[in-house]
Amino acid sequence: MPDSVRVVEVGPRDGLQNEAQAVPAATKIELIERLADCGLRTVEATSFVSPRWVPQMADAAEVLAGLTRRDGVAYPVLVPNVQGLERALAAGAGEIAVFTAASDAFNRRNINASVDESLTRLAPVVEMALAHGLKVRAYVSTVLGCPYQGDVPLAEVVRVTRAVARMGCYEISLGDTIGVGTPGRARAMFRACAEAVGAERLALHFHDTYGQALANVYACLEEGARVVDASVSGLGGCPYAQGASGNVATEDLVYMLHGLGIATGIDLDRLIDTGRWISARLGRAPASRLGRIGGSGGSAS
Ligand code: HMG
Ligand code: MG
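To start, this report covers the structure provided alongside it. Just so it is clear, the model here is predicted, and its values are computed rather than measured. (Residues numbered from 1 in each chain as written. Chains lettered and ligands numbered in written order. Predicted model: local features only at pLDDT ≥ 70, side-chain atom pairs only at ≥ 80, totals over all residues. Heavy atoms only, no water.)

Before going further, it helps to spend a moment on the nonpolar core. Grouped burial of nonpolar side chains is what soluble globular proteins tend to show. If you look at the biggest cluster of nonpolar residues, it comprises 102 residues, and the most contacted ones within it are Val-77, Ile-96, Val-98, Phe-190 and Leu-271. Per-element accounting of this core gives the leading share, seven residues, to helix H8 (residues 183-197). (Core = buried A, V, L, I, M, F, W, Y, C linked by side-chain atoms within 4.5 Å. Buried < 20%, exposed > 50% of the residue type's maximum accessible area, 1.4 Å probe, protein only. Helix = DSSP H or I, 4+ residues; strand = E, 2+ residues; numbered from the N terminus.)

Another point: the packing of helix H7 (residues 154-167) against H8. Here H7 crosses H8 at 40°, and the two axes come no closer than 9 Å. As for how H7 packs across H8, the hand of that crossing is right-handed. Mapping the contact onto sequence places Leu-154, Val-157, Val-158, Thr-161, Arg-162 and Ala-165 in H7 and Ala-188, Met-189, Ala-192, Cys-193, Ala-196 and Val-197 in H8. Tallied by class, residues from the contact of H7 with H8 come to ten nonpolar, one polar and one charged. (Axes fitted to C-alpha atoms, helices over the stretch in contact; angles between N-to-C directions. Left-handed = near helix turned anticlockwise from the far one by under 90°. Contact = heavy atoms within 4.5 Å. Nonpolar A, V, L, I, M, F, W, Y, C, P; charged D, E, K, R; others polar.)

Below, the discussion takes up the packing of aromatic side chains. Counted according to the given criterion, the structure contains zero aromatic pairs. Across the ring face of Tyr-170, the terminal group of Lys-135 is positioned such that the distance to the ring centre comes to 4.2 Å. (Phe/Tyr/Trp six-rings, centres within 6.5 Å; stacked < 30°, edge-to-face > 60°. Lys NZ or Arg CZ within 6 Å of the ring centre and 35° of its normal.)

Once that is clear, we can look at the site of ligand 1. Taken together, 29 residues form the shell around ligand 1, and within it Gln-17, Arg-87, Asn-112, Ser-141 and Thr-177 come nearest. Gly-84 places a polar main-chain atom, nitrogen or oxygen, 3.2 Å from a nitrogen atom of ligand 1. Considered on its own, ligand 1 offers 1,100 Å² of accessible surface; in the complex 78% of this is hidden by protein. Secondary structure elements with two or more residues in the shell around ligand 1: helix H1 (11-15), helix H4 (82-90), helix H5 (104-111) and strand E6 (135-141). Sorting elements by how many residues they give to the shell around ligand 1 places H4 first, with three residues. By residue class, the composition of the shell around ligand 1 is twelve nonpolar, twelve polar and five charged. (Near = heavy atom within 4 Å. Polar contact = N/O pair within 3.5 Å; in protein donor to acceptor, adjacent residues only side chain to side chain. Areas by Shrake-Rupley, 256 points an atom, 1.4 Å probe, with all protein chains shown as cover.)

The tally for this structure, following the rule as stated, stands at one cavity of 30 Å³ or more. Around the largest cavity, the lining residues are Pro-80, Phe-99, Ile-111, Ser-118, Arg-121 and Leu-122. Here the element with the most residues in the lining of the largest cavity is helix H6 (residues 115-131); it accounts for three residues. In the lining of the largest cavity, the residues fall into four nonpolar, one polar and one charged. (1 Å grid on protein atoms, 1.4 Å probe; cavity = no way out; pocket = protein on both sides within 12 Å on 5 of 7 lines; lining within 4 Å. Points joined across faces, edges and corners; volume = space filled by probe spheres on them.)

All right, on to the layout of surface pockets then. Estimated volume of the second largest pocket: approximately 280 Å³. The wall of the second largest pocket is formed by 15 residues, among which Asp-208, Ala-249, Asp-252, Ala-287 and Arg-289 lie closest to the centre. For the lining of the second largest pocket, the class distribution of residues is five nonpolar, six polar and four charged.

Using the criterion set out here, one finds 16 salt bridges in the structure. Residues Glu-33 and Arg-70 are paired through a salt bridge, measuring 3.3 Å at the closest nitrogen-oxygen approach. Here Glu-33 is found in helix H2 (residues 25-37), whereas its partner Arg-70 is found in the loop between helix H3 (60-66) and strand E4 (77-78), with 37 residues between them in sequence. Arg-70 sits in the partly exposed class, given a relative accessible area of 29%. (Salt bridge = Lys/Arg side-chain N within 4 Å of Asp/Glu carboxyl O.)

Now for the side chain of Asp-229. One can find Asp-229 in strand E9 (residues 227-230). Classification of Asp-229 by relative accessible area gives buried; the value is 0%. Within the local environment of Asp-229, its side chain forms a polar contact with the side chain of His-205, the two groups lying 2.8 Å apart. Once you skip the residues sitting within four places of it in the chain, Asp-229 turns out to touch Val-8, Val-10, Arg-137, Tyr-139, Ser-173, Ala-203, Leu-204, His-205 and Val-248.

So, on to the coordination of the magnesium ion (ligand 2). Summarising the metal site, the magnesium ion (ligand 2) is bound by the protein donors Asp-14 (OD), His-205 (NE2) and His-207 (NE2), whose distances to it range over 2.0 to 2.3 Å. All donor residues of the magnesium ion (ligand 2) come from one chain, and their arrangement in sequence is D-x190-H-x1-H. Of this pair, Asp-14 sits in helix H1 while His-205 sits in strand E8 (residues 202-206), and the two are 191 residues apart along the sequence. Residue Asp-14 shares its accessibility class with His-205, and that shared class is buried. (Donors = N, O, S within 2.8 Å, 3.2 Å for Na, K, Ca; no water.)

Fair warning: the whole summary comes from geometry, so function is off the table for now.
So, in structure tokens, the structure goes:
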């Protein structure tokens, strides 16, 4: 097991993008600031996707403009195409995340493109972003199953992972978009991708629909994973993956990591408060276990 893990907080983007109610930009900004206060060093802030597709993210520029950005904290933003990159550059983004999937069926519903069309679309986005000095992360969705096509061949997951790595993305986040994976398959998937691009370039992005995300993270930590995406209070889902629930909750992930003696730099009690705060703002109970209990019990903070 590693000494430390970098936790990438995706709640303000992956979590809030799925909210049916309009969330004010001021709430999004306060959430991001609070997460940075908890010690998170990467907080995915918003997405510059088409507002026709995801109206909740239409205020992306306002959110970035309202942030007091701190040294040592990265605020990546999701970008689907050159138009999104131009908006992100105009808003002063320092890091972007591009995204595709290992399944044609999901990609068509999510970004109106096949896998190969999406790779063709992303190449100039990545090239242009790198030329502007931005850091570029990539997501590969549906690595353990697709809501529309079912099984996704591992060879296809590896092919797409290799393709975005070759474009120059510094990190590739492997998305179990609908949380169907179980530890044995997650481990095999991670191992195959690590053989292709190196474990140090991979991140885990596991949704928790079937309650398997923490077990899947554990299995991949044993395989050399060192970066894990998570969403405070387990917020979210994917607007183009019916029934998908949020990412593994950041609070529950941090509790497990600290319990394993793995450092994260995160103040767990403060994070629990933040999860309870945003859940109250959204008018619901926290989806994290620790948020429901109301504290870490001091045992792994
Ligand atoms: P399209 O309709 O094929 O694109 O959508 P288009 O180029 O024909 O444009 C249609 C309209 O959108 C045009 O406006 C464009 O100007 C506008 P109109 O002329 O009709 O008025 N448009 C934009 N506006 C602002 N910013 C832009 C932009 N692009 C086009 N960037 C497109 C293709 C990719 C744009 C669309 O499908 C899209 O935005 N999809 C994003 C869907 C999304 O955000 N999904 C959730 C994120 S992915 C996810 O959650 C998974 C992840 O968490 C990992 C995991 O869990 O596995 C990352
Ligand atoms: Mg996701």
